[in-house]
Amino acid sequence: MRRTLIPTLTLAVFAAGALWLAGCSADMPEDAGLSEQDKEALASLGYVELDPAMREAVDSGEKKVLVVGIDGMDWLLTRRLLDEGKLPTFRRLAEQGGFSPLLSSIPPQSPVAWSNFITGADPGGHGIYDFLHIDHETYMPYLSTSQVQNAPEKAKVLGFIPVANRFAVPFTDYVFPLAGGGTLNLRRGVAFWQVLESAGVPCTIFKIPSNFPPVPSETGTTTSISGMGTPDILGTYGTFSFYTTDPWPGSDGISGGYVYPVRVVDGVVNAKLYGPPNDFKDYERIEERTGVAVAYNERKVSADFTVYVDPDNPVAKVVLGDQEVILTEGEFSEWVEIDFEMVPMAVTVSGIARLYLKQAHPEFELYVTPVQINPANQVLPITDPPEYGQELVDAVGYFYTQNMPEDTKALECGVFGNEEFTKQSGIVFDERLRAFWHEFNGFDEGLLYFYFGSLDQSSHAMWRCMDPAHPAYDPMEDAAFADFLTDLYVKFDGILADILEQLDENTTLIVLSDHGFAPWYREFHLNRWLYDEGYLVLNSGVDPSRVDWLLGVDWGKTRAFGMGINGLYVNERGRWAQGIVAPGEETQALVDEMAAKLEQILDPKDDSRVIIKAYKARETYHGPYMENAPDIVVGYGRGYRGSDATAGGQVPPEMITDNLKKWSGDHCADYHHVPGVLFTNRPITHEMPSLYDMAPTMLAEFGIEKRSWMVGRSVFE
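Scoring rules and cut-offs
Residues numbered from 1 in each chain as written. Predicted model: local features only at pLDDT ≥ 70, side-chain atom pairs only at ≥ 80, totals over all residues. Heavy atoms only, no water. Buried < 20%, exposed > 50% of the residue type's maximum accessible area, 1.4 Å probe, protein only. Helix = DSSP H or I, 4+ residues; strand = E, 2+ residues; numbered from the N terminus. Arc of directions from axis to C-beta. Contact = heavy atoms within 4.5 Å. Polar contact = N/O pair within 3.5 Å; in protein donor to acceptor, adjacent residues only side chain to side chain. Axes fitted to C-alpha atoms, helices over the stretch in contact; angles between N-to-C directions. Parallel < 35°, antiparallel > 145°, perpendicular 65-115°, else oblique. Nonpolar A, V, L, I, M, F, W, Y, C, P; charged D, E, K, R; others polar. Pairing = 2+ DSSP bridges. Salt bridge = Lys/Arg side-chain N within 4 Å of Asp/Glu carboxyl O. Expected span 1.5 Å × (residues − 1). Phe/Tyr/Trp six-rings, centres within 6.5 Å; stacked < 30°, edge-to-face > 60°. Lys NZ or Arg CZ within 6 Å of the ring centre and 35° of its normal.

1. Notes on helix H4 (residues 75–83)
Among all positions of H4, only Trp 75, Leu 77, Thr 78, Leu 81 and Leu 82 are buried. Within H4, the buried residues cover an arc of 165° as seen down the axis, which keeps them to one side. Contacts from the buried residues of H4 go to helix H5 (88–96), strand S3 (98–102), helix H15 (484–502) and strand S37 (676–680). Backbone nitrogen of Leu 76 and a side-chain oxygen of the N-cap are separated by 3.2 Å at the start of H4; the cap is Asp 74. Trailing H4 by a residue or two, Gly 85 shows a phi angle of about 80°, which is positive.

Given below as structure tokens:
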């Protein structure tokens with residue numbers, strides 16, 4: 001997920017190419033994929049106005065709205081901690097204003113839920129149904145929230161002369177595209193802040209999920225930085241590096257990171273830190289010249305570094321470029337800048353990373369965070385305007401820019417234990433809190449939305465520590481962290497106390513979460529059920545246990561399949577490249593049949609209902625973006641979730657198994673089981689508010705009527 005940079009070339013040999021670059025362009029429509037409904041909605045924003053009294057109140061700072069998003073704050077757990085007296089500030093806010101459960105989305109996955117919040121529509125109105133969507137031609141998954149726009153094959157010189165989109169540098173293996181690609185935000189619909197901006201209400205949108213790349217401000221009155229959905233510099237959701245003299249069996253195939261075997265020779269370790277593939281090299285030319293194909297990993301740029309290990313003390317010095325970092329065992333470094341040279345003396349991609357010395361000896365172990373997009377020198381657009389990234393760095397220092405920065409993958413594969421994970425999580429939290437106070441102290445007009453994600457990621461990874469009944473609970477390792485999540489709730493209570501102390505009477509305060517949490521005890525393998533029931537058929541001779549990403553499926557006989565966390569799809573003719581189920585009555589009858597069967601499944605372990613509700617898309621969603629909707633969204637019972645194997649298109653041997661992963665808490669169940677929370681400093685009159693009520697609520701606070709595409713209403717009406 002990257003775009004090709006078109007730099008100002010500094011070498012004389014590139015002068016001719018620079019002249020071509022100056023006059024080159026490509027057709028890259030910004031509204032690609034927008035429905036007519038959305039185009040009309042965007043056009044209508046020019047007619048949104050504030051009445052004179054509200055206009056004066058906004059301009060003078062007498063009318064403001066502060067929204068604090070705490071991802072994953074759970075209704076049931078919050079109620080218990082309130083009753084125990086551990087959240088006195090939240091209790092005071094509830095008594096003076098309002099407190100309610102907040103219904104999540106169907107399904108209650110974060111990118112879906114926050115898109116409901118952003119647009120005031122359900123997934124039919126914004127097009128996000130899961131972390132993954134499925135390509136209708138290939139049946140392969142892709143990330144639902146953003147998409148790479150590769151550099152086009154053709155460019156136009158002077159706006160009309162078509163030429164091949166490449167400038168080959170003579171006598172080298174380097175090429176430059178004449179027109180670059182980019183990234184596309186796949187969330188559709190119109191964001192609430194676009195409506196506010198059109199009415200002249202200044203907005204700051206800090207790290208809201210499903211907003212990468214950030215929606216560009218049309219007037220310059222909205223400032224934003226992207227959150228969940230933002231990749232690291234490799235274009236992934238977070239890929240760490242771990243250097244060790246003691247790699248373990250299977251470490252070369254772990255998920256979420258790379259383990260690099262190294263040697264300590266005379267107290268010195270020499271290694272490389274890898275960046276993205278070098279798109280400025282002509283690999284076809286290289287392969288023609290050498291007769292050898294260049295593997296994907298060999299296409300990556302790298303930066304050399306050296307580690308000097310103290311022979312007696314648990315200390316090491318890392319030298320990276322002109323930077324020296326001295327680390328003690330168990331210590332994270334500050335942020336280190338890494339420059340990946342794509343073209344010598346011409347093109348450099350900048351990233352940042354933190355280092356962690358896990359062990360100096362007898363074995364050497366060094367962890368490096370996923371290399372982050374440098375907010376002060378962005379290889380991909382993560383702030384709008386671009387200079388906002390530098391402003392933040394100047395104010396609070398470097399910070400994690402990636403997606404979901406707590407490294408749950410390092411915990412899952414054993415690179416981190418609980419101690420390392422909570423230490424790294426604390427760094428993320430402290431960075432985010434510094435940024436919050438920076439934004440809050442400058443908040444004197446309009447709307448400020450600010451996102452905290454640590455509670456969500458910590459609840460996923462550390463739920464088992466407070467739940468001895470969990471299959472993954474380890475009393476030796478987990479008992480010491482039993483209060484970790486409770487302490488995080490208490491920490492937010494202290495932050496709220498500081499906010500209320502400084503909040504003026506003109507500001508509406510909304511504190512909310514997109515969903516709650518539940519234990520994840522048992523995982524349901526949807527494709528195994530479909531296989532056993534005869535809906536999913538494999539090619540002759542294919543072992544079900546070896547199926548991955550649905551490869552090996554006989555599409556000529558398969559009527560339904562699962563992919564993603566909650567989605568079940570009918571292999572409908574005309575919708576899928578190899579569809580066999582007739583659209584209309586046949587598809588609907590199959591949906592009805594499977595939904596009824598799913599809701600009857602009992603866990604043989606204790607006869608618990610595994611699935612509470614099988615939601616049928618045509619009855620659940622509304623709007624113009626139904627093309628990616630699953631035919632059924634599986635609403636799991638409390639304690640159950642669709643398996644990772646289901647998400648990856650696998651067919652395991654059993655239908656239901658214990659969840660033995662560190663990822664022990666989850667929210668991808670029936671949305672009634674995992675409501676979020678809503679706290680406000682005004683009374684809540686809505687009896688059962690939902691996430692899609694929040695966009696109308698924020699508009700109403702500025703006297704703006706809800707828009708035609710919004711399905712909810714203000715919670716204060």
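2. Some words on the packing of helix H13 (residues 454–462) against H15
Close contact between H13 and H15 brings their axes to 10 Å; oriented N to C, the two are set at 170°. When the axes of H13 and H15 are compared, the pair comes out roughly antiparallel. Counted together, Ser 454, Leu 455, Ser 458, Ser 459 and Met 462 of H13 and Phe 484, Leu 485, Leu 488, Tyr 489 and Phe 492 of H15 form the full contact between these two elements. When the residues that make up the contact of H13 with H15 are grouped by side-chain class, the tally is seven nonpolar, three polar and no charged.

3. A short note on the sheet that holds strand S20 (residues 331–332)
The strand order S15-S14-S24-S23-S20 describes an open sheet built from five strands, whose pairing is mixed. Here the strands that pair on one side only, and so sit at the sheet edges, are strand S15 (257–261) and S20. Where strand S23 (residues 355–359) lies against strand S24 (residues 365–368), four bridges are found, and the strand directions are antiparallel. Within S24, the position partnered with Leu 357 by the bridge is Leu 366.

4. Overview of the pattern of salt bridges
Tallied over the entire structure, the rule returns 28 salt bridges. Between Arg 91 and Asp 83 there is a salt bridge; the shortest N-O distance is 3.5 Å. What makes Arg 91 partly exposed here is its relative accessible area of 32%. Residue classification places Asp 83 among the exposed residues on the basis of a relative accessible area of 57%. The closest approach of N and O atoms between Asp 658 and Lys 605, which form a salt bridge, is 3.3 Å. Linking Asp 658 in strand S35 (residues 656–658) with Lys 605 in the loop between helix H17 (585–598) and strand S32 (611–616), this pair joins segments that are 53 residues apart in sequence. Judged by relative accessible area, Lys 605 falls into the exposed class, the value being 55%.

5. A few points about the environment of Gly 120
Turning to its location among the elements, Gly 120 is positioned in the loop between helix H6 (110–119) and helix H7 (123–126). A relative accessible area of 0% means that Gly 120 is categorised as buried. Here the alpha-carbon distance between Gly 120 and Thr 697, two residues 577 residues apart in the chain, equals 9.4 Å.

6. Re H15
Given 3.6 residues to a turn, an α-helix orients residues that are three or four positions apart in the same direction. With 19 residues, H15 extends 28 Å between its outermost C-alpha atoms, agreeing within 8% with the 27 Å of an ideal straight helix rising 1.5 Å per residue. Where H15 is concerned, the buried positions are Phe 484, Leu 485, Thr 486, Leu 488, Tyr 489, Phe 492, Asp 493, Ile 495, Leu 496, Ile 499 and Leu 500.

7. Description of the packing of aromatic side chains
All chains considered together, the criterion is met by 43 aromatic pairs. Between the aromatic rings of Phe 561 and Trp 576, the centroid separation amounts to 5.2 Å while the plane-to-plane angle is 85°, which identifies the pairing as edge-to-face. Within this pair, whereas Phe 561 is found in strand S30 (residues 560–562), its partner Trp 576 is found in the loop between strand S31 (567–570) and H17, the two being separated by 15 residues in sequence. We note that Phe 561, like Trp 576, is buried. One aromatic cluster in this structure is built from Phe 206, Phe 429, Phe 436, Trp 437, Phe 440, Phe 450, Phe 452 and Phe 492. Here the basic side chain of Arg 299 rests over the ring of Tyr 283, its NZ or CZ set 4.3 Å away from the ring centre. If you follow Lys 317 out to its NZ or CZ, it ends over the ring of Tyr 308, 5.5 Å from the centre.

Geometric descriptors of this kind do not, in isolation, establish any biological role.
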